[in-house]
Amino acid sequence: MEPLVLAAIMSDDLRAAEASARGAAAKCALVVQPHWPPDSIQRKVDEHQFNSGATLAGMLGALAASMDVGNKACTAVSLEAVQQSHRSTSTTPSYELVWSRSSRPMVPKGAGLLLLDADANADINRRLFGSELRHVTIRAKRLGYVKQVYSAPYTNWTLSSPNGSALRAKIKALVETLVSSGKKVLIGCNRTARCALTGEKDQKLPQSKDWCGASVTHFGAFIGSNAWEGFDVVIVLGREQPPPTAVENVARALWPDEDLILPGEYTTEVCGYDLRNGERAGVEVAVHPDPRVQMILELTRERATGQLIDRLRLMYPDDRQPEILLISHIPLPGLTVDELISLDEL
């Protein structure tokens, strides 16, 4: 915001420019009538030229709002480097203005609204649905024996690269042993790691794939599914951790009028396991320095892993003795670990 202030540009100036940009966009809007002949509508569409006035107006409005509340920077608007094509010969960096915004749910004022979500975050939901939203937590205990490999995060690259062939062979041997003993096994991992295991092409993957007698799915494909509710074992390979700028951009859209800490990189912090024997143990994991951005990261990483585990529907006692095998060192909120082991022990 400082360059604007030094140039004597105030919020009123920005709002005037915003109104002008909206007016220009309105004049260039595509207008067709349902009673027009199809060829006339097509010609109108073909002749139409996109006008970025509405987007520019949104950016100017966001800058004005940040200036009004005295923010040092406008969280919603950022200047980001453009990734150069590998064919480009230019050595001059290029940048683009990015406006992060969120669409508010279309809920009529005064309407009753019930949200049921295992990963519901009160702060985020209140940003979306209003501060009067009442949040209730219903605690449930997962039934099952949990083993977690503590030695490494086992990233997508580790699992899918040529150097990961030995690890994939070890996982295959484990799965074959479990399946041969009569266990129904679910494996969940990143999309690329799934393709490295099964040999599938990374295009329009089905929800799951049979592999070595087990069912393999990937993050983003299993939410809400009951396809594996009677399975005996779930193996989680790695974790889904987006780049820091990706989670920062989501936070920009949710908190556009607040000063966020946005360094564009993660730091590390020791996080503790919840061990059933009561002992204390922890591990360094990647975290974001801003707690609001950290909420977004945990929804994508820790909570997504929890959703995968819950495909086995572990709340209700039955004849199974379910096993949860986590091949990733990330501690999960709400998951009690029975054994911390090395990969060789697994």
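Residues numbered from 1 in each chain as written. Predicted model: local features only at pLDDT ≥ 70, side-chain atom pairs only at ≥ 80, totals over all residues. Heavy atoms only, no water.

Peer 1: Help me out: how do you make sense of the packing of helix H9 (residues 244-254) against helix H10 (residues 291-300) in this one?
Peer 2: A packed helix pair is summarised by two numbers, namely the angle formed by the two axes and the spacing between the axes. Where H9 meets H10, the closest approach of the two axes is 9 Å, and the angle between their N-to-C directions is 120°. When the axis of H9 is compared with that of H10, the two are oblique. Here H9 and H10 pass one another in a crossing that is right-handed. Every residue of H10 that contacts H9 at Val247, Glu248, Val250, Ala251 and Leu254 is listed here: Val293, Ile296 and Leu297. In terms of residue class, the contact of H9 with H10 is made up of seven nonpolar, no polar and one charged. (Axes fitted to C-alpha atoms, helices over the stretch in contact; angles between N-to-C directions. Helix = DSSP H or I, 4+ residues; strand = E, 2+ residues; numbered from the N terminus. Parallel < 35°, antiparallel > 145°, perpendicular 65-115°, else oblique. Left-handed = near helix turned anticlockwise from the far one by under 90°. Contact = heavy atoms within 4.5 Å. Nonpolar A, V, L, I, M, F, W, Y, C, P; charged D, E, K, R; others polar.)

Peer 1: Help me understand the nonpolar core in this model?
Peer 2: Here is a general trend for soluble globular proteins: nonpolar side chains tend to be buried in one another's company. Grouped together as the largest cluster of nonpolar side chains are 24 residues, with contacts concentrated most on Leu186, Val234, Val236, Leu308, Ile309, Ile324 and Leu326. Of all the secondary structure elements, the ones that give two or more residues to this core are strand E7 (233-237), strand E10 (282-287), helix H11 (302-309) and strand E11 (323-327). Look past the residues within four positions of Leu326 in its chain and what remains in contact with it is Val146, Lys147, Gln148, Val149, Val236, Thr305, Ile309, Leu332 and Leu335. By size, the runner-up hydrophobic cluster in this structure holds 23 residues, among which are Ile171, Val233, Leu325 and Ile327. (Core = buried A, V, L, I, M, F, W, Y, C linked by side-chain atoms within 4.5 Å. Buried < 20%, exposed > 50% of the residue type's maximum accessible area, 1.4 Å probe, protein only.)

Peer 1: Before we go on, may I ask you to explain the pairing of strand E6 (residues 214-218) in this structure?
Peer 2: Each regular strand displays side chains that alternate between the two surfaces of the sheet. Counting buried positions along E6 yields five of five residues, so the element is predominantly enclosed. Residues Ala214, Val216 and His218 point to one face of E6 and Ser215 and Thr217 to the other, with burial holding for every one of them. Pairing analysis gives four bridges linking strand E4 (residues 185-189) to E6, with the strands arranged parallel. Each bridged residue has a counterpart across the sheet, and for Leu186 the counterpart in E6 is Ser215. Bridge count between strand E5 (residues 209-211) and E6: three bridges; the pairing is antiparallel. Looking at the pairing, Lys209 lines up with Val216 of E6. Linking two consecutive strands that pair antiparallel, namely E5 and E6, is a turn of two residues; a positive phi of about 55° is found at Cys212 within it. (Pairing = 2+ DSSP bridges.)

Peer 1: Sorry, what's going on with empty space enclosed by the protein here?
Peer 2: The rolling of a water-molecule-sized probe over the atoms marks out the regions of remaining empty space. Counted according to the given criterion, the structure contains one cavity of 30 Å³ or more. The calculated volume of the largest cavity comes to roughly 50 Å³. Taken together, Gln148, Val236, Gly238, Arg239, Arg301, Glu302, Thr305, Leu326, Ser328, Ile330 and Leu332 make up the lining of the largest cavity. Among the residues forming the lining of the largest cavity, the class breakdown is four nonpolar, four polar and three charged. (1 Å grid on protein atoms, 1.4 Å probe; cavity = no way out; pocket = protein on both sides within 12 Å on 5 of 7 lines; lining within 4 Å. Points joined across faces, edges and corners; volume = space filled by probe spheres on them.)

Peer 1: I keep staring at unusual backbone geometry and nothing clicks. Help me out?
Peer 2: Both trends apply: most residues other than glycine have a negative phi, and most peptide bonds are in trans. The residue Tyr154 is not glycine, and still its phi comes out positive at about 50°. Assignment of secondary structure puts Tyr154 in the loop between strand E3 (145-149) and helix H6 (156-160). Residue classification places Tyr154 among the buried residues on the basis of a relative accessible area of 10%. Despite not being glycine, Arg313 shows a phi value in the positive range, around 50°. Within the element layout of this structure, Arg313 appears in the loop between H11 and E11.

Peer 1: Could you clarify how one ought to interpret helix H5 (residues 122-129) in this entry?
Peer 2: In an α-helix, one turn spans 3.6 residues; hence positions three or four apart end up facing the same way. Listed in full, the buried residues belonging to H5 are Ala122, Ile124 and Asn125. With its buried residues spanning 160° around the axis, H5 presents them on a single face. The inward-facing, buried residues of H5 contact H9 and H10. Looking one or two residues beyond H5, the residue adopting positive phi is Gly130, at roughly 115°. (Arc of directions from axis to C-beta.)

Peer 1: Explanation requested: the environment of Lys183 in the structure shown.
Peer 2: Here Lys183 is to be found in the loop between helix H7 (165-180) and E4. Take Lys183: its relative accessible area is 27%, and that puts it in the partly exposed class. Along the backbone, Lys183 and Asp232 are 49 residues apart, and their C-alpha atoms lie at a distance of 5.8 Å. Residues within four places of Lys183 in sequence aside, it is in contact with Leu178, Asp232, Val233 and Glu323. Within the local environment of Lys183, its side chain forms a polar contact with the side chain of Glu323, the two groups lying 2.9 Å apart. (Polar contact = N/O pair within 3.5 Å; in protein donor to acceptor, adjacent residues only side chain to side chain.)

Peer 1: Help me out: how do you make sense of the layout of surface pockets in this one?
Peer 2: The volume enclosed by the largest pocket comes to roughly 1700 Å³. Around the largest pocket, the lining comprises 44 residues; the ones closest to its centre are Asp117, Ala118, Asp119, Thr137 and Ile138. Elements supplying a minimum of two residues to the lining of the largest pocket: H10 and H11. For the lining of the largest pocket, the element with the highest residue contribution is H11, accounting for four residues. Residue classes in the lining of the largest pocket are distributed as 20 nonpolar, 10 polar and 14 charged.

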